[in-house]
Amino acid sequence: MVLLHTQQTVQYFRVAPAAIWILDYCLTFEHEVRLFTSMGRWNIATVMFVIARYSLIVWIVSVIYLTLRVGQQSVGAVLTHS
């Protein structure tokens, strides 16, 4: 049971950055929309900002998926070996 509890804690620490990013996204999205709609043309800094800001979506989704998938397999392995 201790191993199962430790694995759950590790999974929470893997998903926690995603929760923080989602909160930040929700708080600043309105400002980003207002900024990008008021700009006439995009420049290299704008493109780099968009890439840096939204490329994290792919990383976060993959981390959550792998964490939940591996977590389910680990729970099954621990329960069958107990």
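See the structure printed just above.
Residues numbered from 1 in each chain as written. Predicted model: local features only at pLDDT ≥ 70, side-chain atom pairs only at ≥ 80, totals over all residues. Heavy atoms only, no water.

## Quick look at a nonpolar patch on the surface
Applicable threshold: Patches draw on residues past 30% relative accessible area with no salt bridge. Two like charges within 9 Å are joined, as are two nonpolar side chains (Val, Leu, Ile, Met, Phe, Trp, Tyr) within 5 Å. Computed by Shrake-Rupley with a 1.4 Å probe, the accessible areas treat only the displayed protein chains as cover when residues are assessed. Salt bridge, as applied in this entry: a Lys or Arg side-chain nitrogen positioned within 4 Å of an Asp or Glu carboxyl oxygen. Strands here mean DSSP runs of E at least two residues long; helices mean DSSP runs of H or I at least four residues long; both are numbered from the N terminus. Buried means the residue's accessible area, taken with a 1.4 Å probe over protein chains only, is under 20% of the maximum for its type, while exposed means over 50%, and partly exposed covers the values in between.
On the surface, W42, I44, V47, M48 and I51 cluster together into a nonpolar patch covering about 540 Å² of accessible area. Along the chain, I51 falls in helix α2 (residues 44-54). I51 gets classed as exposed once you look at its relative accessible area, which sits at 53%.

## What to know about the pattern of salt bridges
Close approach of charged atoms allows side chains of opposite charge to pair. In total, this model carries three salt bridges according to the counting rule given. Close ionic contact of E30 with R34 constitutes a salt bridge, the shortest N to O distance being 2.9 Å. Taken together, the residues E30 and R34, both in helix α1 (residues 2-38) and four residues apart, mark about one turn of the helix. With a relative accessible area of 46%, R34 lands in the partly exposed category. For R53, the salt bridge goes to E32, with nearest N and O atoms at 2.8 Å. Of this pair, R53 sits in helix α2 while E32 sits in helix α1; the two residues are 21 residues apart in sequence, bridging distant segments of the chain. For the pair shown, R53 and E32 are each scored as buried. Salt bridges sharing common partners tie together D24, E32 and R53.

## Let's talk about the packing of aromatic side chains
Formally: Classification of ring pairs rests on two measures: the distance between centres of Phe, Tyr or Trp rings, Trp counted by its six-membered ring, which must be within 6.5 Å, and the angle between planes, read as stacked under 30 degrees, edge-to-face over 60 and tilted in between.
Within the structure shown, the criterion is met by five aromatic pairs. Considering the side-chain rings of Y25 and Y54, the 5.9 Å spacing of their centres and the 90° angle between planes classify their relative orientation as edge-to-face. In this pair, Y25 is assigned in helix α1 and Y54 in helix α2, connecting sequence segments 29 residues apart. Accessibility expressed as a relative area gives 25% for Y25, which makes it partly exposed. Relative to W42, the ring of F36 lies with its centre 5.5 Å away and its plane at 35°, an arrangement referred to as tilted. Its relative accessible area of 47% is what places W42 among the partly exposed residues. Taken together, the aromatic side chains of W21, Y25, F29 and Y54 make up a single cluster linked through ring pairs.

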